[in-house]
Amino acid sequence: MTIAVSSSVEQNGLSQQQNGEIGVSALNNNAEHHHHHHHIKYLPDFFISLQRTTTEKERREQIEKLLQSVFPNEQMKSMKTLSGGVTNILYKIKFKDRPRPILCRINGVNSEKIIDRNTEITYMIKIMQELSDSTVHCRFGNGVVYDFLEGVPLQCNEVSRHAEGIASQMARFHQLDMDGSKSPMLFRVLDVWIEKAREVHFDDEESQRKLEEMQFEERILPEIEMVREIMDGWDVVFCHNDVLGLNIIFNEEKQSYSFIDYEYCGHNYRAFDIGDHFFEHLGLTNIDPEAYPDENQQRRFVRAYLRELHGREPSHQDVEVLRRQANIAGLASNLFWGTWALYQAKNSVINFDYLLYGKQRFSAYFKLKEMLLQDPNEVPTE
């Protein structure tokens, strides 16, 4: 899901905001942020106005002023608005002499109540530097300036033919050494979302009926407890946690893949990123369980992932164990995003049918549960 929610860091790893939105980049138990910022320009008092009264021309003038202080020797050639984000406004800027364009992102109004920008920027700097050879140039009062990544986002029907490249990039991502809590965020966040989802009630009868049909308490909670028990003790790494096609930028010329949008990043089960990615094959709006990767596709992905991770051909055993774990973690990701959607349905202002999305995630879980629940501890030998 790219419809992002996230929150500010607090001792318990999650804080609730006044507006009731909760989220994830929270979960890093006060990682030290400031020491990562020595090489980027920080202008905390510079704000670009997003008020309706500000004209586009005035806004562009403010951006130019900002860029003059970040790139004093560069002359701007063009500036265009990019759509795509639902939370933020993005401008792509080209210069006369600097070959690489940059992006200026202005954070959505009030989004800092939802998204912990300190954690996000810490991760962003390190991920971009180490994995996509690009730089965050400046952080200002309500935004950030960074290198534009050349390439195109993948559609969900394209991801399977890029499986090996995505898997290798995921393995590199999982090798990042990040500060913050090393406990898996999956159930810690889910527990907060469950409490919130339990309180959801709609005045609108139609919505309330849809909610009750899902039988969250009776049907969904026991499933969450079951997967929690199965996954206990699995391997934990630094994960992206939202590797859907639109968050993967493919550069055809370099044949490279970059993951963008770091609002859900944090330590989590290694298998979660893989399984969540498998489920993202199903689409966003008409979730189709038939589109789930078959066993051979799963093996191809996991083999490429392990090959990149260890620098050698993995054993049949290793591939099968992780493949089975990924399928179970993928089931868990449906419970995760489904619960998230119930909460969002009541609290988000974004125009998206969250109740339908939640219902589809839960039904994908039940449709594929029998097929995907294979015990990773009992892999048959070849």
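Residues numbered from 1 in each chain as written. Predicted model: local features only at pLDDT ≥ 70, side-chain atom pairs only at ≥ 80, totals over all residues. Heavy atoms only, no water.

Trainee: Describe the overall build of the chain, with residues and values.
Mentor: Of regular secondary structure, the chain possesses 10 helices and 11 strands. Residues classed as buried in the chain amount to 56% of the 382 residues present. Considering only residue pairs separated by 6 or more positions, the chain has 71% of its internal contacts joining residues 24 or more positions apart. Per element, the accessible surface of the chain, about 17400 Å² overall, is 45% carbon and sulfur. (Helix = DSSP H or I, 4+ residues; strand = E, 2+ residues; numbered from the N terminus. Buried < 20%, exposed > 50% of the residue type's maximum accessible area, 1.4 Å probe, protein only. Contact = heavy atoms within 4.5 Å. Areas by Shrake-Rupley, 256 points an atom, 1.4 Å probe, with all protein chains shown as cover.)

Trainee: How would you summarise the nonpolar core if you had to cite specific residues and measurements?
Mentor: Formed by 88 residues in total, the largest nonpolar core has its most connected members in I127, V136, I166, M231, I274, Y305 and F336. With 13 residues, helix α9 (residues 316–347) is the largest single contributor of residues to this core. The residues touching V136, leaving out its near neighbours within four places in the chain, are I40, I121, M124, I125, M128, V144, V145 and Y146. Formed by 17 residues, the second largest nonpolar core is a distinct cluster that contains I63, L66, M79 and V145. (Core = buried A, V, L, I, M, F, W, Y, C linked by side-chain atoms within 4.5 Å.)

Trainee: Quick rundown of the packing of helix α3 (residues 163–174) against helix α8 (residues 295–310)? Include the residues and the values.
Mentor: Axis separation between α3 and α8 bottoms out at 8 Å; the angle between their running directions is 40°. In terms of orientation, α3 and α8 fall into the oblique class. Every pair of crossing elements has a handedness; the one defined by α3 and α8 is right-handed. In this structure, α3 uses A163, E164, I166, A167, S168, M170, A171, R172 and H174 to contact α8, whose residues at the interface are R300, F301, A304, Y305, E308 and L309. Considered class by class, the residues forming the contact of α3 with α8 number 9 nonpolar, 2 polar and 4 charged. (Axes fitted to C-alpha atoms, helices over the stretch in contact; angles between N-to-C directions. Parallel < 35°, antiparallel > 145°, perpendicular 65-115°, else oblique. Left-handed = near helix turned anticlockwise from the far one by under 90°. Nonpolar A, V, L, I, M, F, W, Y, C, P; charged D, E, K, R; others polar.)

Trainee: Account for the confidence of the model for the chain, naming residues and giving values.
Mentor: Here the chain averages 87 in pLDDT, and 87% of its residues register 70 or above. Of the regions scoring below 50 in pLDDT, residues 2–23 engages in 86 contacts with residues more than four places distant in sequence or in other chains. (pLDDT = per-residue confidence, 0-100.)

Trainee: Before we move on, could you go through the sheet that holds strand β9 (residues 248–251) and cite the residues and values that matter?
Mentor: The strand order β7-β9-β10 describes an open sheet built from 3 strands, whose pairing is antiparallel. What marks the edges here is a single partner per strand, and that holds for β7 (152–153) and β10 (256–259). For β7 and β9, the ladder comprises 2 bridges, and the chain directions are antiparallel. Pairing of V152 across the sheet is with F250, part of β9. (Pairing = 2+ DSSP bridges.)

Trainee: Outline the packing of aromatic side chains, supporting the account with residue identities and numerical values.
Mentor: By the definition in use, this model includes 21 aromatic pairs. Ring geometry for F173 versus F238: centroids 5.7 Å apart, planes at 10°, classification stacked. With F173 in helix α3 and F238 in strand β8 (residues 236–239), this pair connects stretches of sequence that are 65 residues apart. A connected cluster of aromatic rings, assembled from ring pairs, spans W193, Y264, F272, F336, W337, W340, F352, Y354 and Y357. Over the aromatic face of F148 sits the side chain of K92, whose NZ or CZ is 4.0 Å from the ring centroid. (Phe/Tyr/Trp six-rings, centres within 6.5 Å; stacked < 30°, edge-to-face > 60°. Lys NZ or Arg CZ within 6 Å of the ring centre and 35° of its normal.)

Trainee: With reference to specific residues and values, describe the sheet that holds strand β5 (residues 136–140).
Mentor: What the 6 strands build is an open sheet, ordered β1-β5-β6-β4-β3-β2; its pairing is mixed. Whereas interior strands pair on both sides, the edge strands pair on one side only; in this sheet they are β1 (41–43) and β2 (76–82). Within this sheet the neighbouring strands show an average axis-to-axis angle of 15°, counted without direction. Sheet topology note: the β1/β5 ladder contains 3 bridges and is parallel. Bridge pairing links K41 to C138 in β5. Sitting on the sheet, helix α1 (residues 56–70) is in contact with β1, β2, β3 (89–95), β4 (102–106), β5 and β6 (143–147), with an inclination near 125° to β2. The strands that helix α2 (residues 117–131) touches are β4, β5 and β6; relative to β5, the one it contacts most, it runs at about 170°.

Trainee: Lay out the pattern of salt bridges in plain terms, naming residues and giving numbers.
Mentor: Under the definition given, this model contains 24 salt bridges. A salt bridge links E308 to R172, with the nearest nitrogen and oxygen atoms 3.3 Å apart. Of this pair, E308 sits in helix α8 while R172 is found in helix α3, placing the two residues 136 residues apart along the sequence. Exposure remark for E308: the relative accessible area of 31% places this residue in the partly exposed category. Each of R105, R117, E120 and E263 takes part in a single network of salt bridges with overlapping partners. (Salt bridge = Lys/Arg side-chain N within 4 Å of Asp/Glu carboxyl O.)

Trainee: Report on helix α4 (residues 185–199), specifying residues and quantitative values.
Mentor: In this model, α4 (15 residues) spans 22 Å end to end at C-alpha, consistent with the 21 Å of a helix rising 1.5 Å per residue. Contacts from the buried residues of α4 go to α6 (216–231), β11 (266–269), α7 (270–279) and α9. (Expected span 1.5 Å × (residues − 1).)

Trainee: Tell me about a positive patch on the surface, and name the residues and values.
Mentor: Where like charges cluster on the molecular surface, the positive patch consists of K77, K80, K94 and K96. Its location among the elements puts K80 in strand β2. K80 gets classed as partly exposed once you look at its relative accessible area, which sits at 47%. (Patch = residues over 30% accessible without salt bridge, like charges linked within 9 Å, V, L, I, M, F, W, Y side chains within 5 Å. Lys, Arg positive; Asp, Glu negative; His and termini not counted. Charge placed at Lys NZ, Arg CZ, Asp CG, Glu CD.)

Trainee: Outline the pairing of β4, listing residues and values.
Mentor: Most of β4 sits inside the fold, with 5 of its 5 residues counted as buried. Because side chains alternate across β4, one face comprises the buried residues I102, C104 and I106, and the other comprises L103 and R105, equally buried. Between the antiparallel neighbours β3 and β4 lie 6 residues. Judged from the 5 bridges that link them, β4 and β6 form a sheet pairing that is antiparallel. Paired with R105 across the bridge in β6 is V144.

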